[in-house]
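Descriptive analysis of the structure
Okay, here's what each chain looks like letter by letter:
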Amino acid sequence: MLKLYLLIIALSIFPIDKNYGQEKDIEKYINKIKRYQKDSSVVKLCDTLFYISEKNKRYSQASYALTKKILYYCMTSKIIDSVEKYKDECIKYTNKHGLYRDKYYAWNLYIMKMIKLYKHKESIIETQNMLTSAKLDNYKIGIVYAYKNLAHIYELEGEREVSLNYIKKAISYIEEKNIKFKSTYSLYGFYIGKLLSNNRLLLAKEEIEKSKIYIKSKKDRNIYLKNLVKLHIKEKDLEKAKYYLNKLDSINWKNTYYTKSLKYVYYLEKYTIEKEYDKLIELSKSSKFLNNSIGNKLVKYENLAIAYSLKEKAKNTRQQYENLLLFKDSVNRDKQTKEINKLSTQLGLTHEQFKNQQLETEKHKLSIKILLIISVSIFLILLLMIYIYIKIRRQAKLERNLNYKLKQANAKIINEHIVEQSFFRKVNHELRTPLNSILGFSDIIYEKYKDNPETKKFVDIIRRNSELLATLIENSLTVSEISDNKDIEKEDKISINSFCQEIVDKISHKCPERVDIIIYPIAHDAKIITYSNAIEEILNNLLDNAFKFTKKGNVKIKYKLHRNNIKFTVSDTGIGIEKKNNPFENFYKTDIFSPGLGIGLSICQMAIIKVNGSISIDKKYTNGTKIHFSIPYKKVIED
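Residues numbered from 1 in each chain as written. Predicted model: local features only at pLDDT ≥ 70, side-chain atom pairs only at ≥ 80, totals over all residues. Heavy atoms only, no water.

Focus: the pattern of salt bridges
Within the structure shown, the criterion is met by 14 salt bridges. Here D47 makes a salt bridge to K69, at a shortest N to O gap of 2.8 Å. Of this pair, D47 sits in helix 3 (residues 41-55) while K69 sits in helix 4 (residues 59-76), and the two are 22 residues apart along the sequence. Exposure remark for D47: the relative accessible area of 18% places this residue in the buried category. When the shortest N-O distance is used, the salt bridge between D102 and R101 registers 3.9 Å. Taking the relative accessible area as the measure of exposure, R101 reaches 61% and is therefore exposed. (Salt bridge = Lys/Arg side-chain N within 4 Å of Asp/Glu carboxyl O. Helix = DSSP H or I, 4+ residues; strand = E, 2+ residues; numbered from the N terminus. Buried < 20%, exposed > 50% of the residue type's maximum accessible area, 1.4 Å probe, protein only.)

Here's what the structure looks like:
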């Protein structure tokens, strides 16, 4: 805990070195990480390497930094949560950049740490998750890692058959997929060793022969020879066992302990077969081949008991078994008593005094730790408060400056909008005067020369285009008026059937000769309170569009009262609207050569928004265009 707090302080005082950012620094930091892997400084080195690699888009080196950070915590931390946190970060980053080698290397480190902390059930679940992920990623080495881990965990749990099945799965998968896996022979060695432990000698012999092709290094050669020695000892072929043991001894100059233990087993078997019980007893007592670790002491007691039993010395046999049981029961107690007695002798204290002294020492240590933790916590809280205070002050200043600039910009925009709208209205009103004159004179000319077909034709053109221009100006003014919230949001009382019929009558003169207008009134001409101006504006624009793009057929208007809304449907048998586009945008036109600005549907949508209604196009309708819209209404309460 103390180391962890000191590390946090170091990182807060000495943050990531962001002055380094050149690509040439990457190799330098990689070499430093390799040199200081077990030192706490490696955390900062990994963070700096990650920053530089990210900056230069060297994602594999950034991933390498994350895995080395996990490796450090696996070697030093006793808290699995810290390793899990960095493992999750690494998996997320490697998934993003497709770096599966580092992903499964980090995941494997995390599982190994869980196994080391005896979290076997949790490690089985985590390994199954890794196996599923590796299959989805189609990353073969990750699948091998998962099988290998499951074999190791089930071996520790005492499930030998399950362990053998998983290690066999791993080997079969490597052979089937022809995977170049560095530790293939180590897997074979582990598998063969477990077969020999279970006395499955024939299968072990076959696997030893099959595994020869995977021997690539001196380490693999050693494993191969060790398994041969074990096999021949099990088969009681001591001559071959001795031959391979000598061969192993001649090349195995680094790992002498394992060779000694094999020799110990060899001589046990040799003296047992040759009935040289005195030598067997002497070998069991000797420390020549086995050191004095607890495990080896247990082996020696067991072998001594067996040796005396073979020599038929019942007294010694019973005594050795008693020694064995006593040793097993008192290993921990003897160790503790020895330490207490040693310290008691050195300090000249009684056992009770020593215990009191030890208790006081522990209390003193605990108080120092608590004081240190409180001091570090206060220091960190102060640092955090200073940081938050500075950040809040800076943020407040930025917000004040931003608000001031926004107010200025908003005032400027509002002023420009007012000027623009004023100018726009004046221009449109000024245009109306000459246009009304043109329309008036064209009516006079039409009445005077209506019997002359040629003159009537030209006058019709003047009238039609004048009306079109008047409509454009009217629509432009309508957009402006809706934006300024003029009369659209005004509610009044209407009779729905009469009101809709009046709208249709007013605009029916624009309907083409070959098109019929059909209106479907509701059964009862209900009196309601609603946004009549909005309804009139929307129906006018929808009917105008329908007349414009329908050459023959009909235009239908339907409406009904549903809950708190009047639901309208306007359909025609015209050319239709392309459904994938948004026809409610400004200046949208189905036909670019048709007259008009293309703002009719946009005006409808603006009006709908103002009164909290809705509008949509029926995409399933194929005979032309069908538009649905709804407007809120209130019932008239009769006195």
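Some points on the side chain of D544
One can find D544 in helix 21 (residues 532-549). Beyond its immediate chain neighbours, meaning those up to four positions away, D544 contacts I507 and K510. (Contact = heavy atoms within 4.5 Å.)

Description of the environment of H97
Residue position: H97 is located in helix 5 (residues 80-97). For the pair formed by H97 and S60, sequence separation is 37 residues and the distance between their alpha carbons is 8.4 Å.

Here's the deal with unusual backbone geometry
Unusually for a residue other than glycine, N178 sits at a positive phi of about 55°. Along the polypeptide, N178 turns up in the loop between helix 9 (160-177) and helix 10 (184-197).

Some words on the nonpolar core
Counting residues in each nonpolar core, the largest one holds 83 residues, and the members touching the most others are L49, I70, F181 and L187. The leading source of residues in this core is helix 8 (residues 140-156), at 10 residues. The residues contacting L49, other than those within four sequence positions of it, are I26, Y29, I30, I33, Q61, Y64 and A65. The next biggest cluster of nonpolar side chains, apart from the first, holds 41 residues, and it includes L543, I557, F584 and A607. (Core = buried A, V, L, I, M, F, W, Y, C linked by side-chain atoms within 4.5 Å.)

Brief notes about the packing of aromatic side chains
Counted according to the given criterion, the structure contains 11 aromatic pairs. Relative to W107, the ring of Y104 lies with its centre 6.0 Å away and its plane at 15°, an arrangement referred to as stacked. Taken together, the positions of Y104 and W107, both in helix 6 (residues 100-116) and 3 residues apart, correspond to about one turn of that helix. As far as the burial class goes, Y104 and W107 line up, both buried. Pairing Y104 with Y139 gives two aromatic rings, centres 5.3 Å apart and planes at 10°, and the pair type is stacked. Placement of the pair is Y104 in helix 6 and Y139 in the loop between helix 7 (120-137) and helix 8, with a sequence separation of 35 residues. Just as Y104 is buried, Y139 falls in that class too. Put simply, the rings of Y100, Y104, W107 and Y139 pair up and form one aromatic cluster. It is K558 that lies over the ring of Y520; its NZ or CZ is 5.1 Å from the centre. (Phe/Tyr/Trp six-rings, centres within 6.5 Å; stacked < 30°, edge-to-face > 60°. Lys NZ or Arg CZ within 6 Å of the ring centre and 35° of its normal.)

With respect to a nonpolar patch on the surface
On the surface, L366, I370, I374, I378, I381, L382, M385, I386, Y389 and I390 cluster together to form a nonpolar patch covering roughly 970 Å² of accessible area. Mapped onto the elements, Y389 comes out in helix 18 (residues 351-448). (Patch = residues over 30% accessible without salt bridge, like charges linked within 9 Å, V, L, I, M, F, W, Y side chains within 5 Å. Areas by Shrake-Rupley, 256 points an atom, 1.4 Å probe, with all protein chains shown as cover.)

Regarding helix 21
Taking 1.5 Å per residue as the helical rise, helix 21 with its 18 residues ought to reach 26 Å, and the 26 Å between its terminal C-alpha atoms agrees with that figure. All buried positions along helix 21 are accounted for by S532, A534, I535, E537, I538, L539, N541, L542, L543, D544, A546 and F547. (Expected span 1.5 Å × (residues − 1).)

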